[in-house]
Amino acid sequence: MPAERLTRTVAAPKPGIVHLGLGAFYRAHGAIYTADAIAKSGGDWGIIGVSLQSPTMRDALTPQGGTYMAVELGPEASQPRHIQIIDRVLAAREDPQVVLEAMSDPAIRIVSLTVTEKGYCHEPSTGELNLDHPDIQHDIAQPLPCSAPGYLVRALQARRAAGFAPFTVQSCDNLPDNGRVVRGVVLALAQQIDPDLAGWIAAEGCFPSSMVDRIVPATKPQDIVHVADLIGQGDAAPVLHEPFRQWVIEDDFVAGARPDWQAAGAQMVGDITAYEHMKLRMLNGTHSALAYLGYLAGHETISDAMADARMAALVEQLWQTEIAPTLTPPDGVSLCDYAQALATRYANPQIRHLTWQIAMDGSQKLPQRILGTLNDAMTAGRPCPGLILAVAAWMRYVGGIDENGHVIDVRDPLAARLKALSDGGQTPADKVSALLSVREVFSADQAEALKVPVTAAYQRLLEIGARDSIKEVLA
Ligand code: CS2
């Protein structure tokens, strides 16, 4: 890194938001929308960032006064921008009390979250809080929490005790009806701790759902070098993102208090369901299909996979014939145009979005990205060979050995169990059955319906590999 380090050049706005899960995505999406909203309309909407897991982000951003570079990567040019909206970063593991105090301050009117699917400690197939989750067990027993639902409940408890209004809880994760999911886990946990508290939260709280979209690969060491070259200063935690961004937000905030995100281009709507289904199924569904099949076929990134005509044809088939017919598009939106725009976004060669990164946490992602679509299509009697192949590819992936016999570094909260189930099956059919029995992912009915087609696809993956299996499913 150059000797000179990036520093703050303007004061941070007074904080009004605490954000849990300060990863690359939020810093390239919600933080920038909020900075733009303040630039247009003002307001005390500075952000206190909280890292729930490790202090790395706090340690990287604190010497830079909480600021960082966001670099927009167009197909031809890079556009750096200095983001100065984050007031400070807290490391929850080191000092949970400080985090609770920040969240309990009445000046904080919104607590938003990007904690990834697994951060909600829910059952992905049902959306219900998993009361057996070790972090939830801990948070029921101890006043200082460790999970995201635990922080929300304990901070709301402190606000109620102090006579303050609750903050709005705003999920910005890729979950269907993410506001309902976070409301459900918060109420279920509060119920365990203090049923009166649960009643108060249910009556006074707001949990707007939102659909978030921007492709933001995890920052890699070479990106840090690239940004230093670009700006001539050292930034330990830049974010690199595509030009496109979209944020559709249900307009339901405690006392209506929120930044003027609309002025920054966000869409404030009454019901986000149509947007969210479209995005989770069309974008995230094909992202996951490309992640498993692309990884198995030896493609490192999404743009590499899209440069393979066979992969690109599969994605096109998924959009047109397998996914789009299950959707009711939002008013004024054409699914054809949406798919066309996605193809262009995926092909952006500047965005090095690893198939391995997207393949992470598949057990938490598959239900809302692929299995719901499959369910709807199969109920309507439409075959979905591409999505079936994607499910089989996930099974092959979590088996932990790639097509060249190399070990795959599978990251998933259920990784050990998935591998044991796969290893325990003698035949391909046994392995598929064992994986279909994971109820966090597949309902009993769905497992039954998928057994024959997924086994056949899995068998073909073993016999002829991912690329030739794709060729067979192309209409
Ligand atoms: C990706 C998403 O990592 C993943 O699973 O599918 O992060 C995706 O890039 C974003 O949802 C795009 O908005």
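Turning our attention to the nonpolar core. Residues Met282, Leu293, Tyr346, Leu374, Met395 and Phe442 are the most contacted members of the largest nonpolar core, which totals 78 residues. Beyond its immediate stretch of four places on either side in the chain, leucine 374 contacts Cys384, Leu387, Ile388, Val391, Gln446 and Leu450.

The subject of this paragraph is the sheet that holds strand β8 (residues 210-213). Ordered by their spatial adjacency, three strands build an open sheet running β8-β10-β11, and the pairing between neighbours is mixed. Each end of this open sheet is capped by a strand with a single partner; those strands are β8 and β11 (267-269). On average, adjacent strands in this sheet sit at an angle of 15 degrees to one another, irrespective of strand direction. Across three bridges, strand β10 (residues 246-250) lies against β11 in parallel orientation. Across the sheet, isoleucine 249 pairs through a bridge with methionine 268, a residue of β11.

With 14 residues, helix α16 (residues 385-398) extends 20 Å from end C-alpha to end C-alpha; this agrees with the ideal 20 Å at 1.5 Å per step. The buried fraction of α16 is high, at 13 of 14 residues. Glycine 400 sits one or two positions beyond α16 and adopts a positive phi of about 90 degrees.

The domain architecture assigned to the protein consists of domain 1 (15-269) and domain 2 (273-474). The centre of domain 1, based on its C-alpha atoms, is set 28 Å off from the matching centre of domain 2. Listed per partner, the contact involves 31 residues of domain 1 and 28 residues of domain 2. Between domain 1 and domain 2 the total buried area reaches about 2400 Å² when both faces are included, carbon and sulfur atoms providing 58% of it. Connecting domain 1 to domain 2 are four salt bridges. Notably, a salt bridge pairs lysine 118 with aspartate 361, separated by 2.5 Å at the nearest N-O pair. Where domain 1 meets domain 2, there are 13 residue pairs in polar contact (both at pLDDT 80 or more). Of all elements in the fold, only β8, β10 and β11 reach the threshold of two or more residues within the side of domain 1 that touches domain 2. Counting residues per element, the side of domain 1 that touches domain 2 draws most heavily on β8, which supplies three residues. Class assignment for the residues of the side of domain 1 that touches domain 2 results in 15 nonpolar, eight polar and eight charged.

Here the focus is the site of the ligand. Taken together, Asn174, Val212, Asp213, Arg214, Ile215, Lys279, Asn284, His287, His353, Ile358, Lys365 and Arg369 make up all the residues around the ligand. The separation between an oxygen atom of the ligand and a polar side-chain atom of lysine 365 is 2.9 Å. Relative to its unbound accessible area of 340 Å², the ligand is 90% covered by the protein chains. Where the shell around the ligand is concerned, the elements lending two or more residues are β8, α10 (273-296) and α15 (362-379). Ranked by residues supplied to the shell around the ligand, first place goes to α10 with three residues. Per-class residue counts for the shell around the ligand are three nonpolar, four polar and five charged.

What counts and what doesn't
Residues numbered from 1 in each chain as written. Predicted model: local features only at pLDDT ≥ 70, side-chain atom pairs only at ≥ 80, totals over all residues. Heavy atoms only, no water. Core = buried A, V, L, I, M, F, W, Y, C linked by side-chain atoms within 4.5 Å. Buried < 20%, exposed > 50% of the residue type's maximum accessible area, 1.4 Å probe, protein only. Contact = heavy atoms within 4.5 Å. Pairing = 2+ DSSP bridges. Helix = DSSP H or I, 4+ residues; strand = E, 2+ residues; numbered from the N terminus. Axes fitted to C-alpha atoms, helices over the stretch in contact; angles between N-to-C directions. Expected span 1.5 Å × (residues − 1). Domains from an automatic or database assignment. Buried area = accessible area lost by both parts, 1.4 Å probe. Salt bridge = Lys/Arg side-chain N within 4 Å of Asp/Glu carboxyl O. Polar contact = N/O pair within 3.5 Å; in protein donor to acceptor, adjacent residues only side chain to side chain. Nonpolar A, V, L, I, M, F, W, Y, C, P; charged D, E, K, R; others polar. Near = heavy atom within 4 Å. Areas by Shrake-Rupley, 256 points an atom, 1.4 Å probe, with all protein chains shown as cover.

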